[in-house]
Amino acid sequence: MSSEELTKNQERFDHKNEERSALRSDKGLTEEVVRLISEDKGEPDWMLDRRLRALEHYQNMPLPTDWPGQPDLTELDVDEIIPYIRPDVEARDAVDSWEDVPDDIKDTFEKLGIPEAERESLSGVGAQYESEVVYQNMQEQWQEKGVVFMNMDEAVEKHPEIVREHFMTRCVPPSDNKFAALHGAVWSGGSFVYVPEDVTVEMPVQAYFRMNSEGMGQFEHTLIVAEKGSEVHYIEGCSAPKYGTHNLHSGGVEVFVGEDAHVQYSTVQNWSKNTFNLNTKRAIAEKGGRMEWVSGSMGSKATMLYPCTILKGRGASANHISIAFAGEGQNIDTGAKVYHNAPHTNSTIESKSISKDGGRTNYRGLVHISDGAHDSSTSVECDALMFDNESISDTMPYMEINESRVDVAHEATVGKIGDEDVFYLQSRGLDDDDAKRMIVSGFIEPLTEELPIEYAVELNRLIELEMEGSLG
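Small disclaimer: the values here were computed from a predicted structure and weren't measured.

Asks: I tried to follow the state of the cysteines on my own but got confused; where do I start?
Replies: Tallying each qualifying case throughout the model produces zero disulfides. Free of any disulfide, C308 has its nearest cysteine sulfur in C171, 7.8 Å distant. Of the residues examined, C308 reaches a relative accessible area of 1% and is grouped as buried.

See the structure below:
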């Protein structure tokens, strides 16, 4: 890709609109702010009660500060974050016609390629701007089969029984960690996906989350319920323009994989370098259920992200694939957690990381095999690629094995781009920069091959943007 093309590609993400908000909360996390959010949404009392309980957990929990090598969170001042901004759109509910989206917001998403992706490769699309979903659409063929894809605020109103049963109860309770509690108190927007028994959604559904305002927090919640024998692929994209003050992204994801169901959750994140990206993502897989996490983490000042799968039922399985890219001033701390709580369960974790210009990447993972989870297996593979001697890459796997009849494997490698590899590709007609880009593309191939072609291409473009200026 030429320098001019890379510049145009970056402009898509750096684009920012003049802020237009219909409602903007005060900074910080107080009971008054929580009540304001709930009242503005017209929520039932039970949701407000959950928000207030989450707020209490948040106030009683310390920041995580004692993990070896973790990102420095002391620069993050939640009291300076605006947790809720409702954009100035005419309708409170997300519209289902792209033409009805306000022009400036529509222009932002068009620059990011959202409508084009919907037309070419998706069965449904949701687009969130600031704290609210502004566009949501599901193709009619899936609606006729009972598939539900709507924003979470609408789901609270239209599917209260399902939401009340699953929302931050068994999967990600607010007591899990400080940022899960923060999320539970001020969550807004996000996606609700329900797939009935034995229904296969053959094309992915996607949600794209965009922060436009300076100093804000985005706290979308994604809830996916896949009934017995169903199948769905959910794709999440995230971005924000760069500002001089810090932004915070603290999303929550809960996935319920029914018996013999299959869910793939793919994320391509390109937050700006002023964003703290602190999420909690977890799935529970029943008997024979299969959960796949595919994650690409670029951008952000600091990321702490460890998708988790609880293998609850016999024969359940999990596959975690992730890539992290850290440049100057970035600390990308990612990994995976898997709990084998039943026999004949299996998991694979494959982590790829790239660091340059003094950036730091870290794999932090946990595999737990419970007593009685016999004939289970797990394999963990961590590979790191560094551009220079100033960059840092660590691997911190932790395994708790309480059952003897299991197979456990772990492998970790770290290395620099080799002069011999570059020389070989140059001898085949490539220049130095193109040779290094090809090596990196091959390194991340296990991730890109799990994505639809349009998103694999986009991920490679993002990697090239991160590499720009570091080659040669």
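Asks: What is the right way to look at the nonpolar core in this model?
Replies: Within soluble globular proteins, side chains that are nonpolar generally end up buried alongside one another. In this structure, I224, V232, Y234, V255, V263, Y265 and M291 are the most contacted members of the largest nonpolar core, which totals 36 residues. Other than its neighbours up to four places away in sequence, M291 contacts V255, V257, V263, Y265, A283, T309, S317, A318 and N319.

Asks: I tried to follow a negative patch on the surface on my own but got confused; where do I start?
Replies: A grouping of E197, D198, E259 and D260 is seen on the molecular surface, where their side chains present a negatively charged patch. Inspection of the secondary structure puts E259 in the loop between β12 (252-257) and β13 (262-271).

Asks: Just to check I follow, could you spell out the pairing of strand β21 (residues 346-355) for this structure?
Replies: Two faces belong to every sheet, and in a regular strand the side chains alternate between them. Most of β21 is tucked away, with seven of its ten residues classed as buried. Pairing geometry for strand β19 (residues 317-326) and β21, over ten bridges, is parallel. Paired with A324 across the two strands is S353, which belongs to β21.

Asks: Before we go on, may I ask you to explain the packing of helix α3 (residues 45-60) against helix α9 (residues 178-186) in this structure?
Replies: When two helices pack together, their arrangement is given by the angle between the helix axes and the distance between those axes. The geometry of α3 relative to α9 is characterised by a closest axis approach of 7 Å and an angle of 150 degrees between their N-to-C directions. Considered as vectors, α3 and α9 are oriented roughly antiparallel to each other. When you trace α3 past α9, the crossing you get is left-handed. Of α9, the residues touching α3 (which contributes R51, A54, L55, H57 and Y58) are K178, A181, L182, G184, A185 and V186.

Asks: What's the story with unusual backbone geometry in this structure? I'm lost.
Replies: A negative phi angle is the norm for most residues apart from glycine, just as the trans form is the norm for most peptide bonds. The phi torsion at D198 lies on the positive side, around 65 degrees, for a residue other than glycine. Among the secondary structure elements, D198 is positioned in the loop between β6 (190-195) and β7 (205-210).

Asks: Could you clarify how one ought to interpret the environment of A316 in this entry?
Replies: As for its position among the elements, A316 is in the loop between β18 (308-311) and β19. In the structure, A316 is positioned 54 residues away from H262 in sequence and 10.0 Å away in space, judged by C-alpha atoms. If we skip the residues at most four places from it in the chain, A316 touches A285, E286, G288, G289, L311, H344, T345 and N346.

Asks: How should I be thinking about the packing of aromatic side chains in this particular structure?
Replies: Aromatic ring pairs are defined here through the distance separating the ring centres and the angle between the ring planes. A full pass over the atoms with the stated rule returns four aromatic pairs. When the centroid spacing of 5.9 Å and the interplanar angle of 55 degrees are considered together, the rings of W67 and Y306 count as tilted. A residue pair is termed long-range when its members are at least 10 positions apart, and W67 in the loop between α3 and β2 (85-87) and Y306 in the loop between β17 (302-305) and β18 qualify at 239 residues. Its relative accessible area of 12% is what places Y306 among the buried residues. Relative to W293, the ring of Y265 has its centre 5.3 Å away and its plane inclined at 45 degrees; by these criteria the two rings are tilted. A residue pair is termed long-range when its members are at least 10 positions apart, and Y265 in strand β13 and W293 in strand β16 (residues 290-299) qualify at 28 residues. Each member of the pair, Y265 together with W293, is buried. These aromatic residues form a ring-pair network of at least three members: Y234, Y265 and W293.

Asks: What should I look at first to understand α9 in this one?
Replies: Given 3.6 residues to a turn, an α-helix orients residues that are three or four positions apart in the same direction. Burial analysis of α9 places nine of its nine residues in the buried class, the great majority of the element. Every buried residue belonging to α9 is among K178, F179, A180, A181, L182, H183, G184, A185 and V186, and all of these are buried. The opening residue of α9, the one whose side-chain oxygen lies 2.9 Å from the backbone nitrogen of F179, is N177.

Asks: Help me understand the pairing of β18, please; the structure alone is not making it clear to me.
Replies: When strand β15 (residues 280-285) meets β18, the two strands line up parallel, connected through four bridges. Residue pairing for β18: A283 is matched across the bridge by T309. In this sheet, strand β20 (residues 331-340) lies alongside β18 in parallel orientation, the contact comprising four bridges. Looking at the pairing, L311 lines up with H340 of β20.

Asks: Help me out: how do you make sense of the side chain of S230 in this one?
Replies: For S230, the position within the fold is in the loop between β9 (221-226) and β10 (231-239). Of the polar contacts made by the side chain of S230, one reaches the backbone oxygen of E227; its length is 2.6 Å. Apart from residues lying up to four places away in sequence, S230 is in contact with V195, P196, D198, V199, D260, A261 and H262.

Asks: Would you mind showing me how to read the side chain of T334 here?
Replies: If you trace the backbone, T334 turns up in strand β20. If near-sequence neighbours (up to four positions away) are discounted, T334 is found in contact with S297, T303, L305, Y306, A324, N362, Y363 and R364.

Asks: Would you mind showing me how to read the packing of helix α2 (residues 31-41) against α3 here?
Replies: Two numbers describe how α2 lies on α3: the axes approach to 10 Å, and their chain directions differ by 160 degrees. As summarised for this structure, α2 and α3 are arranged roughly antiparallel, according to the angle between their axes. Crossing of α2 over α3 shows right-handed handedness. On α3, the residues touching E31, V34, R35, I37, S38 and K41 of α2 are L48, R51, L52 and L55. Each residue belonging to the contact of α2 with α3 can be placed in one class, and the counts come to five nonpolar, one polar and four charged.

Asks: I tried to follow the environment of D40 on my own but got confused; where do I start?
Replies: Here D40 shows up in helix α2. Along the backbone, D40 and L23 are 17 residues apart, and their C-alpha atoms lie at a distance of 8.7 Å. Within the structure, the side chain of D40 is placed 2.7 Å from the side chain of Y84, a separation counted as a polar contact. A distance of 2.8 Å separates the side chain of D40 from the side chain of R86, its partner in a polar contact.

Asks: Got a minute to help me understand the pattern of salt bridges in this structure?
Replies: Side chains that differ in charge, positive against negative, can pair when their charged atoms come close. Enumeration over the complete set of coordinates arrives at 16 salt bridges. Linking D40 and R86 is a salt bridge whose minimum nitrogen-to-oxygen distance equals 2.8 Å. Highlighted residues: D40 in helix α2 and R86 in strand β2, separated in sequence by 46 residues. Judged by relative accessible area, which is 18%, D40 ranks as buried. R86 gets classed as buried once you look at its relative accessible area, which sits at 15%. For E403, the salt bridge identified is with R405, shortest N-O distance 3.5 Å. Take E403: its relative accessible area is 9%, and that puts it in the buried class. Judged by relative accessible area, which is 51%, R405 ranks as exposed.

About the criteria used
Residues numbered from 1 in each chain as written. Predicted model: local features only at pLDDT ≥ 70, side-chain atom pairs only at ≥ 80, totals over all residues. Heavy atoms only, no water. Disulfide = S-S within 2.5 Å. Buried < 20%, exposed > 50% of the residue type's maximum accessible area, 1.4 Å probe, protein only. Core = buried A, V, L, I, M, F, W, Y, C linked by side-chain atoms within 4.5 Å. Contact = heavy atoms within 4.5 Å. Patch = residues over 30% accessible without salt bridge, like charges linked within 9 Å, V, L, I, M, F, W, Y side chains within 5 Å. Areas by Shrake-Rupley, 256 points an atom, 1.4 Å probe, with all protein chains shown as cover. Salt bridge = Lys/Arg side-chain N within 4 Å of Asp/Glu carboxyl O. Lys, Arg positive; Asp, Glu negative; His and termini not counted. Charge placed at Lys NZ, Arg CZ, Asp CG, Glu CD. Helix = DSSP H or I, 4+ residues; strand = E, 2+ residues; numbered from the N terminus. Pairing = 2+ DSSP bridges. Axes fitted to C-alpha atoms, helices over the stretch in contact; angles between N-to-C directions. Parallel < 35°, antiparallel > 145°, perpendicular 65-115°, else oblique. Left-handed = near helix turned anticlockwise from the far one by under 90°. Phe/Tyr/Trp six-rings, centres within 6.5 Å; stacked < 30°, edge-to-face > 60°. Polar contact = N/O pair within 3.5 Å; in protein donor to acceptor, adjacent residues only side chain to side chain. Nonpolar A, V, L, I, M, F, W, Y, C, P; charged D, E, K, R; others polar.

Honestly, that's just the spatial picture; any functional story needs more than this.
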